Amino acid sequence: MRTRPLLLALTASLLFTPAASALSEFGIEGMGMVSTRADELRATISADGQRILWASNREGGAGGWDLWQATLQDKRWMDPQPLVLNSAADDVDPFFSADGRWLYFASNRKGGRGGFDLYRAPLAGNGDIGAPQPLGNAVNGRQDERSPSLADDGALLLASNRSAGVGGWDLWAAARDGDGFAAPAPLGGINTTADEVDGSWLGDGRAVVFARANAQGGTQLWVSQCRQGQWGEAAPLSLSFNTAESDTRGALIDANKPGELVVSGKARAPRAGGLDLYRMKAPTVDGSADCR
């Protein structure tokens, strides 16, 4: 009696490759290569679709959490490797810029201003990643900064527990300022007394998907649309395992397939380990463009 459910789960894990995953509400991403027995968080995919980069606490890295990368080979993610830029501290929250020039991420490595800071590293045409550089004092403060995400015009979305917010962690946005960024401002209408983290622009800034802390100690993904210059009331992201008791986070648009999201969470099946990476259809964005 147990054979059929097991067979269905194994079949699902084989079907949900980058080429086939859009056929279902969700599918695991890279079983055994990207999603493993360890925890995997916040995957970003290059605009050409040839590489995926995410944070993991698996063995083989330099610190507790490290950034890992896999490449697309025969329509499957293969050859996962830790990045050379990883430190002995935690390196998390990667984001490929749409122009292919930069990898953004967060780290609490030595030399920062305090806690987690935001960094970017240049990307070479051959795929090499250069030395990381901090985003600057306008963005990085004495508290923590996490989960960088950029809109097409360069506006930066981040999470921070700095003062002048509403709760412990809030979402902040910083406009582009030359080659850097202006001082961030909190996202009114989205931030609450709960923690809001892992924000990401949708529809070039007309909506935001983010994670909000729940009473069980996990997080649930929510979506807020811009309505006439104000962020509207958020609604849970429509995903079967994104519940009030879940630990679902790290949603990012696939830059190569903008109609799809990759999220971190714990589905019943298919499942590889702790937090796995899953792919789903991106929510419809019908908000206005005047909230930034």
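Presented here is a report on the structure given in the accompanying data block. Keep in mind that this is a model prediction, so the values were computed, not measured.

Cut-offs and rules
Residues numbered from 1 in each chain as written. Predicted model: local features only at pLDDT ≥ 70, side-chain atom pairs only at ≥ 80, totals over all residues. Heavy atoms only, no water. Helix = DSSP H or I, 4+ residues; strand = E, 2+ residues; numbered from the N terminus. Rg over C-alpha atoms; globule rule 2.2 N^0.38 Å. Buried < 20%, exposed > 50% of the residue type's maximum accessible area, 1.4 Å probe, protein only. Contact = heavy atoms within 4.5 Å. Areas by Shrake-Rupley, 256 points an atom, 1.4 Å probe, with all protein chains shown as cover. Lys, Arg positive; Asp, Glu negative; His and termini not counted. Charge placed at Lys NZ, Arg CZ, Asp CG, Glu CD. Pairing = 2+ DSSP bridges. Salt bridge = Lys/Arg side-chain N within 4 Å of Asp/Glu carboxyl O. Polar contact = N/O pair within 3.5 Å; in protein donor to acceptor, adjacent residues only side chain to side chain.

Right, let's get into the overall build of the chain. Each helix and strand in the chain was counted, giving 1 helix and 23 strands. A globule of 292 residues ought to have a C-alpha radius of gyration of about 19 Å, and the chain, at 18 Å, matches this closely. Seen through its principal axes, the chain has C-alpha atoms that stretch 55 × 40 × 35 Å. The buried share among the 292 residues of the chain stands at 51%. Counting contacts in the chain only where the partners sit at least 6 residues apart, residues at least 24 apart contribute 48% of the total. Accessible area for the chain stands at about 13000 Å²; split by element, carbon and sulfur atoms hold 51% of it. Between the mean site of the 28 positive side-chain charges and the mean site of the 34 negative ones, the chain shows a separation of 4 Å.

All right, on to the pairing of strand β11 (residues 156-160) then. Most of β11 is tucked away, with 5 of its 5 residues classed as buried. The alternating pattern of β11 places L156, L158 and S160 on one face and L157 and A159 on the opposite face, and all of these are buried. Pairing between strand β10 (residues 145-150) and β11: 4 bridges, direction antiparallel. Directly across from E145, in β11, lies its bridge partner S160. The antiparallel pairing of β10 with β11 creates a hairpin that spans 5 residues between the two strands, and G154 there sits at a positive phi of about 95°. Across 5 bridges, the pairing between β11 and strand β12 (residues 170-174) is antiparallel. The residue of β12 that forms the bridge with L157 is A173.

Across all of its chains, the model carries 13 salt bridges by this definition. For E40, the salt bridge identified is with R58, shortest N-O distance 3.0 Å. Highlighted residues: E40 in strand β2 (residues 40-45) and R58 in the loop between β3 (51-56) and β4 (66-73), separated in sequence by 18 residues. On the basis of relative accessible area, E40 is assigned to the buried category, the value being 0%. On the accessibility criterion, R58 (12% relative accessible area) is buried. Across the pair R176 and D179 runs a salt bridge whose closest N-O atoms are separated by 3.9 Å.

Along the chain, I45 falls in strand β2. For I45, a relative accessible area of 3% corresponds to the buried category. Note: C-alpha distance between I45 and L156 (111 residues apart in sequence) is 18 Å. When residues no more than four places from it in sequence are discounted, the contact partners of I45 are E29, R51, I52, W77, F96, D254, A255, V262 and R279.

Quick look at the environment of N242 now. Structurally, N242 is set in the loop between β20 (235-236) and β21 (249-254). Its relative accessible area of 6% is what places N242 among the buried residues. Along the primary structure N242 and D117 are separated by 125 residues, whereas in three dimensions their C-alpha atoms are 28 Å apart. Within the structure, N242 has its side chain in polar contact with the backbone nitrogen of L221 (distance 2.8 Å).

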